[in-house]
Amino acid sequence: MTTAYDAAYRRSLQDPSGFWGDAAADIKWYKAWDKVLDDSRPPFFRWFTGGQVNTCYNAVDRHVEEGRGEQVAIIYDSPVTQTVRRLTYAQLQDQTARFAGVLAGLGVGKGDRVIVYMPMVPEAAIAMLACARLGAVHSVVFGGFAANELATRINDAQPKVIVSASCGIEGQKVIPYKPLLDHAIELASHKPAHTVILARPQVAAELLSGRDVDWHDALAKAVPHDCVPVAATDPLYILYTSGTTGQPKGVVRDNGGHMVALKWSMKYVYNVQPGEVYWAASDVGWVVGHSYIVYGPLLHGCTTVLYEGKPVGTPDAGAFWRVIAEHKVETLFTAPTAFRAIKRDDPEAALLKKYDLKHFRTLFLAGERSDPDTLQWAERHLGVPVIDHWWQTETGWAIAANCMGLHRFPVKHGSPAKAVPGWNIQVLDEGHHPCKAGQVGALVVKLPLPPGTLPTLWNADQRYISSYLAEFPGYYKTADAGFIDEDGYVYVMSRTDDIINVAGHRLSTGAMEEVLASHPDVAECAVIGVHDAMKGQLPLGFLVLKAGVTKPEEQILTEVVALVRDRIGPVAAFKTATIVNRLPKTRSGKILRGTMQKIADHEDYKMPATIDDPGILEEIEENLTSIGYANALPKSAS
Ligand code: COA
Ligand code: AMP
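Residues numbered from 1 in each chain as written. Chains lettered and ligands numbered in written order. Predicted model: local features only at pLDDT ≥ 70, side-chain atom pairs only at ≥ 80, totals over all residues. Heavy atoms only, no water.

1. Some remarks on the domain arrangement of the protein
Examined at the domain level, the protein breaks down into domain 1 (4–309 + 389–482) and domain 2 (503–637). Between the C-alpha centres of domain 1 and domain 2 there is a distance of 34 Å. Taken together, the contact pairs 16 residues of domain 1 with 14 residues of domain 2. Each partner contributes to the roughly 1,100 Å² buried at the junction of domain 1 and domain 2, and carbon and sulfur atoms together form 49% of this total. Counting across the domain 1 and domain 2 interface gives one salt bridge. A salt bridge links R506 to E394, with the nearest nitrogen and oxygen atoms 2.9 Å apart. Counting the contacts that link domain 1 with domain 2 gives six residue pairs in polar contact (both at pLDDT 80 or more). (Domains from an automatic or database assignment. Contact = heavy atoms within 4.5 Å. Buried area = accessible area lost by both parts, 1.4 Å probe. Salt bridge = Lys/Arg side-chain N within 4 Å of Asp/Glu carboxyl O. Polar contact = N/O pair within 3.5 Å; in protein donor to acceptor, adjacent residues only side chain to side chain.)

2. Some words on helix α12 (residues 336–345)
Where burial is concerned, most of α12 is hidden: seven out of the ten residues are buried. Considered for burial, the residues of α12 that qualify are P336, T337, A338, F339, R340, A341 and I342. (Buried < 20%, exposed > 50% of the residue type's maximum accessible area, 1.4 Å probe, protein only. Helix = DSSP H or I, 4+ residues; strand = E, 2+ residues; numbered from the N terminus.)

3. Regarding the site of ligand 2
Neighbouring residues of ligand 2: 14 residues in total, closest H389, T393, D480, R495 and R506. At a separation of 2.9 Å, an oxygen atom of ligand 2 approaches a polar side-chain atom of Q392. At 2.7 Å, a side-chain N or O of R506 approaches an oxygen atom of ligand 2. Surface burial for ligand 2 is 92%, taken as the share of its 490 Å² of free accessible area covered by protein chains. Taken together, the residues of the shell around ligand 2 break down into three nonpolar, five polar and six charged. (Near = heavy atom within 4 Å. Areas by Shrake-Rupley, 256 points an atom, 1.4 Å probe, with all protein chains shown as cover. Nonpolar A, V, L, I, M, F, W, Y, C, P; charged D, E, K, R; others polar.)

4. Thoughts on the sheet that holds strand β23 (residues 425–428)
In space, the four strands of this open sheet follow the order β23-β24-β25-β26, with antiparallel pairing throughout. Two strands close off the open sheet at either side, each with one partner strand: β23 and β26 (490–495). Neighbouring strand axes in the sheet, compared pairwise and without regard to direction, differ in orientation by 50° on average. Across five bridges, strand β25 (residues 475–484) lies against β26 in antiparallel orientation. Within the sheet, the bridge partner assigned to G482 lies in β26 and is V492. (Pairing = 2+ DSSP bridges. Axes fitted to C-alpha atoms, helices over the stretch in contact; angles between N-to-C directions.)

5. Digging into helix α18 (residues 615–626)
In this model α18 runs 17 Å from its N-terminal to its C-terminal C-alpha over twelve residues, within 8% of the 16 Å that 1.5 Å per residue would give. Those residues of α18 that fall on the buried side of the exposure criterion are I616, L617, I620, N623 and L624. Buried positions in α18, seen along its axis, are confined to an arc of 125° and lie on one side of it. α18 presents E618, E622 and S626 as exposed residues on the side facing more than 90 degrees away from its buried surface. On its buried face, α18 sits against β30 (536–545), β31 (576–579) and α17 (593–600). Positive phi appears at G628, one or two residues downstream of α18, with a value of about 95°. (Expected span 1.5 Å × (residues − 1). Arc of directions from axis to C-beta.)

Structure follows, in structure tokens:
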């Protein structure tokens, strides 16, 4: 039987221009495109060249014009401030137009960059939409990054303005943002002309006269600004993500293709109708927040939930059920780690009984591998389909999923199901030959990538090619390894680079190594990701000290932990390091991080044929055992 999925998938690959050209009819254009797929400059592909659009118009104004003005656009639910606030589409339009006026008044125009360093408050979404309204390019930086990381992004994006708040609230902790921002600006070589600071009642921020502007004052005086038509191919945003070094990659998203893809995905991947309540429990600082807290649901005329809280502890493991029941959420999207946290605190989901979840229809999980245990736990207690789907910051939306709006295939636990229309996923071996069904290899996507994906990296075309396109000519390298089974189900098993996934957050061990190496007593170091029952993985550092160091080891370990927190941020969750005499290496000097990780996780491993000195592995094993790893963890298959 040919399903709607099969037909859509086939057409999307055979006739991408026809497929996406039809999907583009769901977006309002000032001027139609000349070409749906512009392949005149491979490997750089562009979608909807010649078209003129505005993303804010399609996400906000359009709905007011079409009669959704009184519908709630954003529900801000903040257990950490005991607040629930609702903004209708008409109110969102008013505030966005005014904030666009504020930015324009500060000199921001089409193409200028604006960094948004905000906690999970509606003003973060308003700031993003206001940039889109002006054709300015926003770059949201996650609040859990340290001043140094923010400074790196300021230098790369060169923003005219930075929008921030006096503080973020993390569970019970209030985190002043302004000192971090001031320090980042001090560290950066590029200086923004202005900052706009949202004063929150919990913490006052000191404003620098002439540079810093108060959000509320500015908004009160602002003249609303209309939407500015931009080219479909103009950048909407830059989102920095971990690369293999301390220099993050600036993933670029365009306006036209992005809207077309996200709107299509709301209907066909998530099976959501306009007017429904959609909740992505993530953060605006991550791609999930961009695509499915802000743009996707708003482009689709949904009500989106912006949740400033945690799955547990705000106040308890029933928090998600409370939000779903109170706001009649139909669809929830979060990371498996959130469910592992809930499961840990409330193994029998007893708190679920307090709430009526009758509107709840589907749970989507992404951001890391969905372990079958957690997935089955959610299925059992929620009684709704639990859909794993696979994607990346770079792709902006799902590469593989059970497309609930096309055809619901049986769930195979451990697999995010099948390639989504538009995505020609292949598995290639080291010699670049296609793997057989079931054989693990590199997961790659045949070019051109569908709309909504990264057209390039910010100011780094060559890095875009070397990072993603050079290794497998004609394909995009996802840097994930896995396989496709005989039914076409994709399995994503591990990264092929040094990226680790901590609580659904993507982190570079290479970047952490750069920080450890900067400690004056460290001669050599390595960071690996070790298994953690709640966060999936946690970073673990190995240090070889310089000869003659007399400082107590404990002190050095405390210092390096503080150093990573200070340079990268609390989000790195770097809490453990150990001192070893030597690091295991190949004869050519490559550190055997993969083998160390297997030892730490108590997995079987083969003695690498190229190892320089096999005896070192025993030392590593002893060391890991002494700090609670290796033998302490359950043995699992290699
Ligand atoms: N601003 C400042 N600090 C932040 C922050 C922010 N926006 N976000 C996280 N941090 C801090 C945390 O407070 C914590 O600090 P600590 O070391 O002082 O405790 C540290 O960064 C690590 O944060 P996290 O990894 O999130 O751990 P956690 O123990 O606070 O929470 C979970 C764990 C699983 C509950 C949480 O990560 C979660 O809800 N994840 C699922 C949803 C999600 O965000 N997914 C991302 C992509 S879909
Ligand atoms: P990020 O760019 O932060 O979204 O992280 C993307 C990476 O997270 C991917 O390359 C995968 O390694 C991992 N990932 C995301 N979703 C899944 C999933 N459903 N299954 C397995 N891994 C996933």
